[in-house]
Structures are given as C-alpha cells and as structure tokens.
Amino acid sequence: MSNQVKIFDTTLRDGEQALPASLGVKEKLKIALALERLGVDIIEAGFPVSSPGDFQSVQTIAREIKNATVCGLSRALDKDIDACGEALKVADHFRIHTFIATSEIHVGAKLRKSQDEVVEMAVQAVKRARRYTNDVEFSCEDAGRTNIDYLCRMVEAAINAGATTVNIPDTVGYTTPTEFGGIIKNLFNRVPNIDKAIISVHCHNDLGLAVANSLAAVEQGARQVEATINGLGERAGNCSLEEIAMILQTRQAMLGLTTNIRSQEISRTSKLVSNLCNMPVQANKAIVGANAFSHSSGIHQDGVLKAQNTYEIMTPESVGINKNNLNLTSRSGRHVIKHRLMELGYKESDFDLESVYEAFLKLADKKGQVFDYDLEALLFFSQQKHDHAYYELKYLHATSGKEIIPSATVSLLVGDKEVTETAIGNGPVDAAYNAITKVLGHNKIEIVDFKLDSKGEGANALAQVSVIAEYNGRRFNGIGLATDIVESGVKALIYVLNNTHLADQIDQQKKQVKIAGV
Ligand code: KIV
Ligand code: ZN
C-alpha cells in the first residue's frame, strides 16, 4: 500500500454550503488557486446542479486549475451527474463525486427506499459518472452510522460499478477514533475488491473528533482525507486540512506517511479563506490561530529563546509565518515592500506593486508604522479592487456628533459614471448607506448583519467591517478595511454591490442561453 495520503479539499463545497452568505465566482476561483498552490490533490469546487452560480464557479475553476484534479458533487441522480460532467469537461483532470445515504435512518426516513434499491441507485450513478470520466468517487453518506454488513456490500458494489475512490463519511460526527478506525479496518478485511479503489474518509466535527477520526482511518489504510481550510463545514465543520496535514508532517517519523501539501502556504491560505468567507479563526485554533505560535508564560519564553524546540513542536516558518524585522513607514521604498511581500510568501504575479505601494503610502501617512497584517490586508483589498470594479468609492464625507444630525455625502463611480448623493441617518454609517441607496435608486439591498472588528493591535489597528446583505432572495458577503470606521463600512457595502452586480450578470447570461434554447 502506498504511503502517500491524498488531500481532498472540500472548502468550496462542504465549507461553502455552511456559510451565512455564499461566495461569488471570483472569490471561489481565488480560493481554488490558493488551494492549488497549497498542493491539495483534489479540489471539490461545488455542486453544479444546485444553482447557476455554482455551475459557473465549478466550470471556471475547472478551466483555470492545472495542477490539481477538479471535482464536482452530485446526488445519485442523472441530472446531477450530467450537470457535473457538463461543468467539468473543460478541466485537464476531473472527478465526479456521487453519493447516496446508506445508514438505516437515512435510507428509511429520508430516501424511503429499500436497501436493495439504494444499492441499485448507487451502481447506476457510478456507471453514469464513468461515461464522463475514469475518475469517479462514490460516498456512502452517514457511513459512520451504517450497519457494517450493508456498508461492505455497498462499497463492493460501487467498486464493481467503476468507482475508483470510495469515501466513508462520518456525516454527523458521531463516531469515536477507535470505532471509526475499526470501520475502515473491517472494510479492508471484508470487501474482496477493496484493493481496486482508494479508501477515503470525510469526518465532521460535531464532537470535536473530525481530525482524530481521520487520523485513525489513515492508520488503518485510508489513503485520502477530505478536509477544509480552517475546518469550515456543516455545523461544527469538517476535518481541518491544516491540522491533518501538519500531523502527518510533524509525526512523519512515527506514521510513515506523506502528502503533497506545501505547508509554508498554510497560513496565507487560511487567512484568505477566513477573509473571503467572513469566518474569523479562533485565536487558539491549532496551526492557524493567532496564538498558535505565541508563548505567554515567562518560563516558556525563556525556554524558546534558549532552544526553540523546548516549547515548539513545529516552527512558525513551516506553516508560512515569517516574523518581520523591518520597520515599514512612509520612508520605505517600493523594493522594501516587494521584498517583504515576497518574504510573506507572495509571488510577483500576486500583486501589482504600483497599486499596493500607492495604498501603502496612504496608510503609512495615516498610521505611521505599517505592519504585516496591514500589508496583507492592502494586498487583499487591492486585488478585490482590480477584480470587481463596477462600483468604486470616489469620495466620502460624513459628520456626526452630540446634538448633530448625522449626514454623509458619497460619490460612487457606477460603471463609468460618477454619481454623488447626500443623506442623513441615525449615525454616520447609516447616513452613508442612505446616500448609497439614493445613488443606486432602489432599496433592494437589505443589510442583515453588520460586524465591526479591529485588525491588528491596540491603537494601530485597522477597522474591518463585515456585512451580510440580502438581495433578490440571496445573501452576499462584503468586507471593508480602513483606518476609519465609516469608510470601512462603506467599502464593505461597495464590495457587496460588486458581488450582486456579478450575480446579476451570471443570471442574465443564463437567461440569454435559455432564450436561445441551448
Ligand atoms: O458529510 C457528508 O456525508 C458529505 C457527503 C456528500 C460526502 O458531505
Ligand atoms: Zn460533509
């Protein structure tokens, strides 16, 4: 058996389906490119049949990704499998992932079918998927609670039908490591054709055991782990990709297993996903939390200074955290900024130095010293600006105070036309939002959540606003960052507007295709 464990990332599918607002095509592509750079073997890009937006995201990712297999999810239904085949056919390598539930409770209460019927549906689904590709994954949903005899029968039938990977999910995060490892061991002992497929696992974290269960499965012979960045996913999430990857790397001498993950990309990928998904990472989260490599106790600090491995089992550098020794101020030149960005792991092709430098100087004038998190935020926001620029903020003036009616004037570039409006509100952000509503000429955007965070430390921190807004029955995320709270709030709303504009364009294209009868 190979000692290589494949890493199957499902951030864009299982992770995304659990977000309060869905991601747009460009955000998904950005995450997919980061995952490719991280070295994941398979990227599950979405569930094409679920919406036109998801179909387009999967297709776009399939077209752009060259070094990973792109995968789409489908139920065991013809229309789902056909949508996957259609969305993925532009890829260099693609996989169709089809699934059906196998536990008694799911088969009886949800599918309302007999066990024989479900086996037959699985077999037909795998065969249909094989018409599109030789790379077919079959999942036994709720395998963790499935009777082992039936699970063995299902796995054998799926492999006979042509599945090349068979996935064993603990869909509801119910099993314990010994129990879950035992299921995998049983499959290896009892399924006669098991050597014809790779056994995969997909664990949820309802009891906080997703990573432990995945590890137990790998120790019993599973050679694919399905995981998500920052452990995003349904309910309590999925197996955290960075955790399982760093377990396999840090304990390689004991486990004897390898992956293709380039661990230095972990920190950056985690931040990108957290920002784009508007899902903060808890400070004490293993591997990627803000405190994962900081030592508080004096005894620990003293130990680490004497020998790093007294209290560090892996280095911050190994996951891409590089400490900064440079003092970045408005006196720093372009080459220093470029040098620091490259030290942080970015490649020249990731940024337009001129626009990042221009933004850096503006920030340095306001803040004095610019820190790594500022630089990364500038880079992130300058990329957003280049990608979606239908709406752009040109001017903002807001007033507020005690005994003053808050008011704001906002100028937006809408396409190529500049529009200015003034409005009052119950605070300066509200006034600015009212002015933007006047610019739009409609009030179809409803803010359902508005969160203010500080990015950075103490008085030097930047204000980050995250909003979730509803438009035409769908939810959109927006984030804004600035030294000023009102500006940050306005930027977050503009981010939303650009995403709604993009979604309108996709819907429009879809309508045109339908009218043309394609
Ligand atoms: O948790 C689960 O069972 C799933 C399947 C679709 C693989 O996400
Ligand atoms: Zn899942």
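Residues numbered from 1 in each chain as written. Chains lettered and ligands numbered in written order. Predicted model: local features only at pLDDT ≥ 70, side-chain atom pairs only at ≥ 80, totals over all residues. Heavy atoms only, no water.

J.: If you had to explain the sheet that holds strand β12 (residues 446–455) to someone new, which residues and values would you point to?
T.: Note on sheets: strands pair through backbone hydrogen bonds, and any given pair is parallel or antiparallel. Judged by pairing direction, the sheet is antiparallel, and its three strands sit side by side in the order β12-β13-β14 without closing on themselves. In the strand order of this sheet, the two ends are held by β12 and β14 (474–482), each with one partner. Taking the axes of each pair of neighbouring strands and ignoring which way they run, one obtains an average angle of 15 degrees across the sheet. (Pairing = 2+ DSSP bridges. Helix = DSSP H or I, 4+ residues; strand = E, 2+ residues; numbered from the N terminus. Axes fitted to C-alpha atoms, helices over the stretch in contact; angles between N-to-C directions.)

J.: Provide a residue-level description of the packing of aromatic side chains, including the pertinent values.
T.: Tallied over the full model, the rule gives four aromatic pairs. On the basis of an interplanar angle of 65 degrees and a centroid distance of 6.3 Å, the ring pair of Tyr433 and Phe450 is categorised as edge-to-face. Residue Tyr433 is found in helix α17 (residues 428–440), and its partner Phe450 is found in strand β12; the two are separated by 17 residues along the sequence. For Tyr433, a relative accessible area of 9% puts it in the buried group. (Phe/Tyr/Trp six-rings, centres within 6.5 Å; stacked < 30°, edge-to-face > 60°. Buried < 20%, exposed > 50% of the residue type's maximum accessible area, 1.4 Å probe, protein only.)

J.: How would you explain the site of ligand 1 if you had to name every residue and give the values?
T.: In the vicinity of ligand 1, the contacting residues are Arg13, Asp14, His97, Phe99, Ser139, Glu141, Asn167, Pro169, Thr171, His202 and His204. Within the side chain of Asp14, one N or O atom sits 3.1 Å away from an oxygen atom of ligand 1. Take His204: an N or O atom from its side chain is 3.0 Å from an oxygen atom of ligand 1. Out of a free accessible area of 260 Å², ligand 1 has 94% covered by protein chains. Secondary-structure elements contributing two or more residues to the shell around ligand 1 are α1 (11–15), β4 (94–101), β5 (136–141) and β6 (165–170). Classifying every residue of the shell around ligand 1 by side-chain character gives two nonpolar, six polar and three charged. (Near = heavy atom within 4 Å. Polar contact = N/O pair within 3.5 Å; in protein donor to acceptor, adjacent residues only side chain to side chain. Areas by Shrake-Rupley, 256 points an atom, 1.4 Å probe, with all protein chains shown as cover. Nonpolar A, V, L, I, M, F, W, Y, C, P; charged D, E, K, R; others polar.)

J.: Any chance you could break down the pattern of salt bridges for me, citing the residues and the numbers?
T.: Counted according to the given criterion, the structure contains 35 salt bridges. With a shortest N-O distance of 3.0 Å, Arg13 and Glu44 are connected by a salt bridge. Of this pair, Arg13 sits in helix α1 while Glu44 is found in strand β2 (residues 42–46), placing the two residues 31 residues apart along the sequence. Just as Arg13 is buried, Glu44 falls in that class too. We note a salt bridge from Lys366 to Glu487, for which the minimum N-O separation is 3.9 Å. Of the two residues, Lys366 sits in helix α15 (residues 353–367) while Glu487 sits in helix α18 (residues 485–515), which places them 121 residues apart along the sequence. (Salt bridge = Lys/Arg side-chain N within 4 Å of Asp/Glu carboxyl O.)

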